[in-house]
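Fold and geometry: a report
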Amino acid sequence: MSTTSSARTDSVVDVFEQAASTYDRTGVSYFEPFGTALVRGAGIRPGDDVLDVGCGRGAVLFPAAEATGPTGHVTGIDLAPTMVALTADDAVRAGLTQVEVRVGDAQQPSFPPRSFDVVLAGMIVFLLPAPEQALRAYARLLRPTGRLAVSTPGTFDPAFVAAMDALAAHLPAEQPRPAAAVGPFDDERTITETMTAAGLDVVAISEHRVESRFHDVDHWMQWMWSHGARALLQHLPADRLDAATADAARALGSARAPDGGLSLTTAGRLTIAVPRPRDPAPVAAR
Ligand SMILES: C[S@@+](CC[C@H](N)C(=O)[O-])C[C@H]1O[C@@H](n2cnc3c(N)ncnc32)[C@H](O)[C@@H]1O
């Protein structure tokens, strides 16, 4: 059976819908520092109109709202309704009148052309069924002086990779192993090619490293259930979970910190791109 794009989107979004209440709320520093760094790189100015696609619980959205200030406007879209509801509540509680959060598809955001000064996409584009088409859509949404800022995973801590492999070894034989690659965002060259094909010129690609600390392996597993890794965990048979966790704990041995906790470092990539100047509209023949 083939997997259609919308089926793929549904299954990705289901994972995040189920994770929404704990996503980025397990006391682990991961999405928030990547979000803050992405917003810093995007050079948002007070008063800017900003779109944040796949806004999740606001790791990018809230720093962006701080950068625009109350004279700007930040629209966050996400396809997981619970992500949208919880993030909208957080924005109201924080008194951020410049923030609007709604259900919307990051694959094809429906806004008029040239609506935004900045489009932000934090840890999402590699999850989309057709990333290049999505980037092309973002280019159309940008004003001529606008900027796109995208974060993608770079290199995971070897201990994290080993622990993921240890968990995956307990999946039923018929269950496909999770793909490690992020395809069109694998390295700087492929990112540049993907952006260029989508009508964008890359201004900068930088690496940003984030250290995440965990009290113990149970805290690590709690964090794993709270984000995309849930896609793997939910396919582990219930009677394999304890053995899988014990194997993951052994694999995380090299991440043991002096205080007895765990420390994992992830390198993400931050890409800033601008829309390639469009050809002027042809002059109508007289
Ligand atoms: C890894 S999270 C990133 C969230 C946030 N940008 C951050 O940096 O923490 C990916 C988010 O994208 C959302 N998502 C996945 N596919 C989507 C789509 N096609 N349209 C909109 N949101 C989508 C998920 O629901 C989830 O909230």
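Residues numbered from 1 in each chain as written. Predicted model: local features only at pLDDT ≥ 70, side-chain atom pairs only at ≥ 80, totals over all residues. Heavy atoms only, no water.

Remarks on the sheet that holds strand 4 (residues 116-122)
Each strand in a sheet pairs with another by means of backbone hydrogen bonds, the pair being arranged parallel or else antiparallel. Reading across from one edge, 3-2-1-4-5-7-6 is the order of the 7 strands in this open sheet, with mixed pairing throughout. Among the strands making up the open sheet, the edge pair consists of strand 3 (99-103) and strand 6 (200-214). Sheet twist, expressed as the average angle between the axes of neighbouring strands with direction ignored, equals 20°. Where strand 2 (residues 73-78) meets strand 3, 5 bridges bridge the pair, whose relative direction is parallel. (Pairing = 2+ DSSP bridges. Helix = DSSP H or I, 4+ residues; strand = E, 2+ residues; numbered from the N terminus. Axes fitted to C-alpha atoms, helices over the stretch in contact; angles between N-to-C directions.)

So, the pattern of salt bridges
Following the criterion strictly, the structure yields 14 salt bridges and no others. Residue aspartate 117 pairs with arginine 143 through a salt bridge whose shortest N-O separation is 3.2 Å. In this pair, aspartate 117 sits in strand 4 while arginine 143 sits in strand 5 (residues 142-155), placing the two residues 26 residues apart along the sequence. Judged by its relative accessible area of 15%, aspartate 117 is buried. The class of arginine 143 is partly exposed, set by a relative accessible area of 25%. Salt bridges linked by common partners bring Arg25, Arg57, Asp90 and Arg93 together as one network. (Salt bridge = Lys/Arg side-chain N within 4 Å of Asp/Glu carboxyl O. Buried < 20%, exposed > 50% of the residue type's maximum accessible area, 1.4 Å probe, protein only.)

Comments concerning helix 10 (residues 241-251)
Those residues of helix 10 not exposed but buried are Ala244, Thr245 and Ala248. The buried residues of helix 10 occupy one face: seen down the axis, they fall within an arc of 100°. What points out from helix 10, more than 90 degrees from its buried face, is the exposed set Asp242 and Arg250. The secondary structure elements touched by the buried residues of helix 10 are helix 6 (158-168) and helix 8 (217-225). (Arc of directions from axis to C-beta. Contact = heavy atoms within 4.5 Å.)

Quick look at the site of the ligand
Within the structure, the ligand sits among 23 residues, and Tyr23, Gly54, Asp78, Ala106 and Gly122 are positioned closest to it. Within the side chain of aspartate 105, a nitrogen or oxygen atom sits 2.9 Å from a nitrogen atom of the ligand. Here a nitrogen atom of the ligand and a backbone polar atom of glycine 122 are 2.8 Å apart. Coverage of the ligand by the protein chains reaches 98% of its 590 Å² of free accessible surface. The element best represented in the shell around the ligand is helix 1 (residues 5-19), accounting for 4 residues. (Near = heavy atom within 4 Å. Polar contact = N/O pair within 3.5 Å; in protein donor to acceptor, adjacent residues only side chain to side chain. Areas by Shrake-Rupley, 256 points an atom, 1.4 Å probe, with all protein chains shown as cover.)

Considerations on the nonpolar core
Leu135, Tyr138, Leu148, Leu167, Trp220 and Met224 are the most contacted members of the largest nonpolar core, which totals 64 residues. Setting aside its immediate chain neighbours within four residues, methionine 224 contacts Phe160, Met164, Leu167, Ala229, Arg230 and Leu233. Within the second largest apolar cluster, 21 residues are counted, among which are Val60, Ala65, Val101 and Leu120. (Core = buried A, V, L, I, M, F, W, Y, C linked by side-chain atoms within 4.5 Å.)

With respect to the UniProt feature "domain: Methyltransferase" (unreviewed entry) in the protein chain
Listed under "domain: Methyltransferase" (unreviewed entry) in the UniProt record, and renumbered for this structure, are residues 46-176. Span residues 46-176 is 33% helix and 28% strand, its end C-alpha atoms 46 Å apart. (UniProt positions renumbered as here; feature names shortened; annotations may be inferred.)

Some details on the confidence of the model for the protein chain
Residues with a pLDDT of 70 or more make up 94% of the protein chain, whose mean pLDDT is 94. Ranking the helices and strands of the protein chain by mean pLDDT puts strand 1 (residues 49-53) first, with 99, and helix 1 last, with 86. (pLDDT = per-residue confidence, 0-100.)

A few points about the environment of leucine 241
Within the fold, leucine 241 resides in helix 10. The spacing of leucine 241 and arginine 177 is 64 residues in sequence and 16 Å in space, taken between C-alpha atoms. In this structure leucine 241 touches Trp225 and Leu236, once residues within four positions along its chain are discounted.

Brief notes about the packing of aromatic side chains
Two aromatic rings, taken as a pair, are described by how far apart their centres are and by the angle between their planes. A complete count under the given rule lists 10 aromatic pairs for this structure. An angle of 70° between the planes, with centres 6.1 Å apart, marks the rings of phenylalanine 16 and tyrosine 23 as edge-to-face. A relative accessible area of 17% places phenylalanine 16 in the buried class. (Phe/Tyr/Trp six-rings, centres within 6.5 Å; stacked < 30°, edge-to-face > 60°.)

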